[in-house]
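Residues per chain, in single letters:
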Amino acid sequence: MALIVQKYGGTSVGNPERIKNVAKRVAKWHAQGHKLVIVLSAMSGETNRLIALAKEVQSTPDPRELDVVVSTGEQVTIGLLSMALMELGISARSYTGPQVRILTDSSFTKARILKIDEDRMRRDLDEGCVVVVAGFQGVDDAGNITTLGRGGSDTTGVALAAALRADECQIYTDVDGVYTTDPRIVPEARKLDRITFEEMLEMASLGSKVLQIRSVEFAGKYKVKLRVLSSFKDEGEGTLITFEDDIKMEQPIISGIAFNRDEAKFTVVGVPDRPGIAYQILGPIAEANIDVDMIIQNVASDGTTDFSFTIPRGEYDRSKAILESVCQHVGAREIRGDRTMAKVSVVGVGMRSHVGIASRMFRTLAEEGINIQMISTSEIKISVAIEEKYLELAVRVLHKAFDLDEVVA
Ligand code: ADP
Ligand code: ASP
Ligand code: MG
């Protein structure tokens, strides 16, 4: 008998029929004698609908009130699943994040979990009750409702598994595991039986939204056994996120290709080439809490240089306004912005021991006439910024060039 945390995403609980199917799946595990904590997302589309509602009323919604509104989606699904379980004769009890007491900081819309009270859940589990918890939400010290950022139910699932020292955290979604790339873009993408935490962390941070990055960080930190599975198929082991040592040595060099289409780029042209310039340009951007990703500064020719960087596309207008005042201050010639950028990354721990990955990547893109505008690397990934219109082509040709659609024996 094990203690298992299962998280079901928005599509998996998208309508009453699907909620009843989730209940049947939970019932099977329950019948095997396992203790179960179930974490749910809102029905698919519901969080978007709630955000749009808020924006209709207030153009830039107040973050505290936005969290009050968007956290309601999950309250609906947990109640419905508990009812569906009762219909199957299983005792179940639902809790919102604040009711469990998932304590977070006060960063509305992107709060971080600080502590989880497990007493209430343990009492219910000991009575043979299935505990159903709303994902994506918590409460701060002052009793305000908070949310954990888009896709945050994954993080609730893993955090509960860590707090309860669960035997496994199972993330049920609309694909049957983690693939070499998003199967919606490359139909030939192959399901991975295993992927290391490090690779999954890179994939998630580089745009593979199958798992929220924070959930992977949590799982790595607290050694939670994490598996991604399909909520629509019965068979299959899904993908196990594992530690590098557990993986067989003949790992493919590249495990996957991640991409993100929501990027934008700015180039500050003709800035004086002197110490402190990078700080003067990027300092105000960082102060505004805008994440800067890739950065390039060219070699100076006439005592001036061009300084380029990428940011999330949603921050384009705010960044532009900041740069315009910085530009005057540092004496730059002009600012050029492009809001249609994308980033493609190849990821694999095998890169540590193999050379030539970057050249294979660059040659493949060159053969398709795709211009690389920026490059960044780490030990286990290479990312390039390209024009968004080439994104799908780039992902497809790279997937092929690195033999990812071939089944490894
Ligand atoms: P949920 O609502 O269950 O949380 P998400 O939409 O957040 O589901 O995540 C599942 C989706 O992630 C899939 O439908 C798929 O399109 C996308 N995805 C992106 N990259 C990958 C990948 N490498 N492997 C599997 N799915 C991926
Ligand atoms: N419902 C939230 C969202 O759509 C959280 C989640 O589904 O994980 O982002
Ligand atoms: Mg998700």
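Residues numbered from 1 in each chain as written. Chains lettered and ligands numbered in written order. Predicted model: local features only at pLDDT ≥ 70, side-chain atom pairs only at ≥ 80, totals over all residues. Heavy atoms only, no water.

A. Summary view of the sheet that holds strand β1 (residues 3–8). Taken together, eight strands build an open sheet; the order of strands is β3-β6-β2-β1-β9-β11-β12-β10 and the sheet is mixed. Unpaired on one side and paired on the other, β3 (92–95) and β10 (194–196) mark the two borders of the sheet. Within this sheet the neighbouring strands show an average axis-to-axis angle of 20°, counted without direction. Looking at chain direction, strand β2 (residues 35–40) and strand β6 (residues 130–134) are connected through four bridges and run parallel. The residue bridging I38 from the neighbouring strand is V132, located in β6. Against the sheet, helix α7 (residues 153–163) touches β1, β2, β6, β9 (168–173) and β11 (226–230), its axis set at about 155° to β2. (Pairing = 2+ DSSP bridges. Helix = DSSP H or I, 4+ residues; strand = E, 2+ residues; numbered from the N terminus. Axes fitted to C-alpha atoms, helices over the stretch in contact; angles between N-to-C directions. Contact = heavy atoms within 4.5 Å.)

B. Molecular detail of the site of ligand 1. By nearness alone, 17 residues border ligand 1, and T173, D174, Y179, D182 and R184 come closest of all. Between an oxygen atom of ligand 1 and a main-chain N or O atom of G10, the distance comes to 3.2 Å. Separating an oxygen atom of ligand 1 from a side-chain N or O atom of D174 is a distance of 2.8 Å. Of the residues in the shell around ligand 1, the class split is six nonpolar, six polar and five charged. (Near = heavy atom within 4 Å. Polar contact = N/O pair within 3.5 Å; in protein donor to acceptor, adjacent residues only side chain to side chain. Nonpolar A, V, L, I, M, F, W, Y, C, P; charged D, E, K, R; others polar.)

C. Representation of the pattern of salt bridges. Enumeration over the complete set of coordinates arrives at 27 salt bridges. Measuring nitrogen to oxygen at the nearest pair gives 2.9 Å for the salt bridge that ties R64 to E65. For R64, a relative accessible area of 32% puts it in the partly exposed group. Notably, a salt bridge pairs R93 with D124, separated by 2.5 Å at the nearest N-O pair. Of the two residues, R93 sits in strand β3 while D124 sits in helix α6 (residues 119–126), which places them 31 residues apart along the sequence. Three or more residues joined by partner-sharing salt bridges are found here, namely R261, R313, E388 and E392. (Salt bridge = Lys/Arg side-chain N within 4 Å of Asp/Glu carboxyl O. Buried < 20%, exposed > 50% of the residue type's maximum accessible area, 1.4 Å probe, protein only.)

D. Structural context of the site of ligand 2. The environment of ligand 2 is made up of S41, A42, T47, E74, F136, R150, G151, G152 and S153. Between ligand 2 and T47, the relevant distance is 2.8 Å, taken from a nitrogen atom to a side-chain nitrogen or oxygen of the residue. A distance of 3.3 Å is found between an oxygen atom of ligand 2 and a backbone nitrogen or oxygen belonging to G152. Taken together, the residues of the shell around ligand 2 sort by class into two nonpolar, five polar and two charged.

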